[in-house]
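Remarks on the overall topology
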Amino acid sequence: MADELNNEDNLEAVETLTGALDAADPETAEEAGVEEVLPAHNENFKWYIIHAYSGFERKVKESLESRVRAYHLEDRVGRIEIPTEPTTELRNGKKYTIDRVFLPGYVFVEMALDNEMWHVVKNTPRVTGFLQTGDQPNALSEQEVSAMLNRADVTKEKPKLKLKFAKGEQVRITEGPFANFNGAVDDVNEDKQTLKVMVSIFGRPTPTEVSFASVEKFEE
């Protein structure tokens, strides 16, 4: 099976995905009470990853599902999934939680891969090829796929805010004991989604830790 992507591109993609898989620790998912992906209902099914144009992952999923139905291949294709995670965005001062694709350009497909299926997938609009090393597409284990697809469930209770703060930036605290206090950002913790803000209490600068969701940007 030839692919449009050269080996160097694929090796880089494999390294990128491997890092993401490492970040989605299966033990973390298990501790959070997340159920694993159900075993394939066809013993010949394996998980593969296909490259799609970034931003068109959902379109590729819909197109591939339509092609599977059109070619009557339902017995050879299982699930088609896009890894997402909840992200909170601010629009006009209001918070909205959306499912954001956290691995742009990747679509997971569970199937019994053969030459015919390879061509069906490869010729799907906006698909550029398979994630592979050498001439063969890489098959993922159930554990790897489970950890990746359940990442959204693990983070559902604490969605990340799509906000950027810089040290020295002025903000207003909107929640908690320091609500309505203004202060300057002294430290930003992207992983914990928290800020250390210096507020003035009785004329003295005092550091306080607040979450991204508890502040708004403020200009004097």
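Cut-offs applied
- Residues numbered from 1 in each chain as written.
- Predicted model: local features only at pLDDT ≥ 70, side-chain atom pairs only at ≥ 80, totals over all residues.
- Heavy atoms only, no water.
- Helix = DSSP H or I, 4+ residues; strand = E, 2+ residues; numbered from the N terminus.
- Contact = heavy atoms within 4.5 Å.
- Expected span 1.5 Å × (residues − 1).
- Buried < 20%, exposed > 50% of the residue type's maximum accessible area, 1.4 Å probe, protein only.
- Arc of directions from axis to C-beta.
- Phe/Tyr/Trp six-rings, centres within 6.5 Å; stacked < 30°, edge-to-face > 60°.
- Lys NZ or Arg CZ within 6 Å of the ring centre and 35° of its normal.
- Core = buried A, V, L, I, M, F, W, Y, C linked by side-chain atoms within 4.5 Å.
- pLDDT = per-residue confidence, 0-100.
- Salt bridge = Lys/Arg side-chain N within 4 Å of Asp/Glu carboxyl O.

Our next topic: the overall build of the protein. Scanning the protein from terminus to terminus reveals six helices and 15 strands. Residue pairs in contact within the protein that sit at least 24 positions apart in sequence constitute 67% of those at least 6 positions apart.

Below, the discussion takes up helix H3 (residues 57-70). Given a rise of 1.5 Å per residue, 14 residues ought to cover 20 Å, and the 20 Å separating the end C-alpha atoms of H3 matches this to within 8%. Where H3 is concerned, the buried positions are Glu57, Val60, Leu64, Arg67 and Val68. Viewed end-on, H3 has its buried residues packed into an arc of 100°, placing them on one side of the element. Those residues of H3 that are buried lie in contact with strand S1 (46-52), strand S2 (77-81), strand S4 (94-101), strand S5 (106-111), helix H4 (115-122) and strand S6 (127-130). At the C-terminal side of H3, histidine 72 shows a positive phi close to 55°.

Our next topic: unusual backbone geometry. A positive phi angle, close to 55°, is found at histidine 72, a residue other than glycine. Summarising the element assignment, histidine 72 is placed in the loop between H3 and S2. The phi dihedral of arginine 126 falls on the positive side, at around 70°, and the residue is not glycine. Here arginine 126 falls in the partly exposed class, since its relative accessible area comes to 34%.

On to the packing of aromatic side chains. The tally for this structure, following the rule as stated, stands at two aromatic pairs. Ring centres of tyrosine 53 and phenylalanine 56 lie 6.5 Å apart, and the angle between their planes is 75°; this geometry places the pair in the edge-to-face category. A cation over a ring is seen here: lysine 217 above phenylalanine 165, with NZ or CZ 5.1 Å from the ring centre.

The nonpolar side chains of a soluble globular protein tend to be buried with one another. Membership of the largest hydrophobic core comes to 18 residues, with the highest contact counts inside it found for Ile50, Val109 and Met111. If you list the elements that add at least two residues to this core, you get S1, H3, S2, S5, H4 and S6. With four residues, the single largest contributor to this core is H4.

Taken as a whole, the protein shows an average pLDDT of 77; of its residues, 71% reach a score of 70 or greater. Put simply, helix H2 (residues 26-31) is where the protein has its lowest mean pLDDT, 46, and H3 is where it has its highest, 95. Of the regions scoring below 50 in pLDDT, residues 2-7 engages in 13 contacts with residues more than four places distant in sequence or in other chains. In this model residues 25-40 is a low-confidence stretch, pLDDT under 50, and it forms 27 contacts with partners more than four residues away in sequence or in other chains.

Further remarks concern the environment of proline 86. One can find proline 86 in strand S3 (residues 84-91). Using a relative accessible area of 7% as the deciding quantity, one classes proline 86 as buried. A C-alpha to C-alpha distance of 6.3 Å links proline 86 and threonine 97, two positions eleven residues apart in sequence.

To continue, consider the side chain of threonine 208. Relative to the helices and strands, threonine 208 is located in strand S14 (residues 204-211). Assessed through its relative accessible area of 10%, threonine 208 is described here as buried. For threonine 208, the contacting residues outside a window of four places in its chain are Ile173, Phe178, Leu195, Lys196, Val197 and Val199.

Here the focus is the pattern of salt bridges. Side chains bearing opposite charge may pair, as long as their charged atoms lie close to each other. For the coordinates displayed, the defined rule picks out six salt bridges. For the salt bridge of lysine 61 with glutamate 65, the shortest nitrogen-to-oxygen distance reads 2.8 Å. Highlighted residues: lysine 61 and glutamate 65, both in helix H3, separated by four residues, approximately one helical turn. Close ionic contact of glutamate 110 with arginine 79 constitutes a salt bridge, the shortest N to O distance being 3.3 Å. Residue glutamate 110 is found in strand S5, and its partner arginine 79 is found in strand S2; the two are separated by 31 residues along the sequence. In this structure glutamate 110 comes out as buried when scored by relative accessible area, which is 1%. When salt bridges with common partners are traced through the structure, they connect Arg76, Asp114 and Glu116 into a single cluster.

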